[in-house]
Amino acid sequence: MISLIATVLNEGDSIHLLFDSILAQTRQPDEILIVDGGSSDNTCEIIAGYGDRLPVRLLVEPGCNISQGRNRAIEAATGEIIAVTDAGVQLSASWLEAITEPLLLDPDLNGVAGFFLADPQTFFEAALGATTLPLRDEIKAETFLPSSRSIAFRRSAATEIAGYPEWLDYCEDLVFDLRFRSAVGRFAFAPKAVVYFRPRSSIGGFYRQYFFYARGDGKADLWFKRHVLRYAAYWLLAPAIFLLGALIEPIWWGLYLPGAAYYLYQPYRRLPVILRRWRGNSIVAWLYCICMIPVLRVVGDVAKMRGYPAGRLWRWRRKPPDWRL
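Criteria and cut-off values
- Starting from 1, residues in each chain are numbered consecutively following that chain's sequence as written.
- The model is predicted, so local features are restricted to residues of pLDDT at least 70 and side-chain atom pairs to those at 80 or more, both for listing and for counting; the totals for chains, interfaces and linings are taken over all residues.
- Note that the side-chain values use all heavy atoms of the structure and ignore hydrogens as well as water.
- Buried Ala, Val, Leu, Ile, Met, Phe, Trp, Tyr and Cys residues that are joined via side-chain atoms within 4.5 Å together make up what is termed a nonpolar core.
- Any residue under 20% of the maximum accessible area for its type is buried, any over 50% is exposed, and the rest in between are partly exposed; the area is computed with a 1.4 Å probe on protein chains only.
- Two residues form a contact once any of their heavy atoms are found within 4.5 Å.
- Each helix corresponds to a stretch of at least 4 residues labelled H or I by DSSP, and each strand to a stretch of at least 2 residues labelled E; elements are numbered beginning at the N terminus.
- Whenever two N or O atoms come within 3.5 Å, that pair is a polar contact, provided that in protein one can donate a hydrogen and the other can accept it, and provided that, for residues adjacent in sequence, both atoms are side-chain atoms.

(A) Broad picture of the nonpolar core. Of all hydrophobic cores here, the largest spans 80 residues; its most connected members are Phe19, Trp95 and Phe153. The contact partners of Phe153, leaving out residues within four places of it in the chain, are Ile74, Glu80, Ile81, Ile82, Val84, Leu103, Asn110, Gly111, Ala158, Tyr164, Phe176 and Phe180. Among the nonpolar cores identified, the runner-up in size contains nine residues, and Leu145, Leu168, Cys171 and Ala220 belong to it.

Here it is, written out as structure tokens:
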């Protein structure tokens, strides 16, 4: 038996995308559990409207965060195989079949990592998708940590690691993945289990998203070296190159070129794939995205450099439980 779970909060404008794509699945779930965190819009009414077509159960838990909501859904599920996704996404037609098949075929396997792709609707969203989201050929299956917008696992395995960390509001799926991999084994990678979602639609929304991601890293004590290297690049290396060029010889400024090439290579490599998929492959789209990608890279890094110390300060004050096994 396969249970599909998701958490929602004020998703009235987009929840139909998820449910319409569930209706189109080549393999239907045996049950759907949706935990609503206390929506003040018409989210619950829309979900209830699918009750005559899908085996959906709605659990309303006002004030619960995404980890608490997922854990409530896992506890209430009757299926041993749990597939997890998010509101606001569209599932490819074979998503549920592709992400659960490895678990059905291999009784010793406990988890499957699906994939996710950008579904941009504007030039800005196309540029942001190219800046932040990897292509399939960038994924190393043996080390890939899946987003919980596209993941499946055995209920018993999730119970063994006590589910999602309820004290953490962002990056909770990374902590879940790391605990899962440490305690019950690797995730098989199912590249055909694809979900599509829209990137943030504004630079402010993107900044807030990456601020909270980095704050979550700080709260969970994740990727310390990665964050330190970012500070070193912006606050030590870049100023040092500028001073060398200004005080000794301008040729030193040429060192910015290989740095920029390394910094922008992957986004520009992804761009034609994003534009081709979006059918926005025009000169205007190309020029806009080429100019916007460097801006987005810097904005994302500034958001991370502000968010990470905020998370570390929270961790120092609150002293959360150690999630490492």
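(B) Focus on the environment of Ile66. Its location among the elements puts Ile66 in helix α3 (residues 66–76). The exposure class assigned to Ile66 is partly exposed, which follows from its relative accessible area of 26%. With 20 residues separating them in the primary sequence, Ile66 and Ile46 have C-alpha atoms 20 Å apart. Setting aside its immediate chain neighbours within four residues, Ile66 contacts Thr7, Asp86, Asp169 and Glu172.

(C) Representation of the side chain of Arg70 within the structure. If you trace the backbone, Arg70 turns up in helix α3. Beyond its immediate stretch of four places on either side in the chain, Arg70 contacts Ile5, Thr7, Val84, Asp86, Ser148, Tyr164, Glu172 and Asp173.

(D) Broad picture of α3. For α3, the set of buried residues is Ser67, Gly69, Arg70, Asn71, Ala73 and Ile74. Buried residues in α3 make contact with β1 (2–8), β2 (31–36), β4 (81–84), β7 (151–154), α6 (155–160) and α7 (172–184). By the N-cap criterion, in which a side-chain oxygen at the helix start approaches the backbone nitrogen of a residue two or three places on, α3 is capped by Asn65, the distance to Ser67 being 3.1 Å.

The quantities given are spatial measurements derived from coordinates; they are silent on function.
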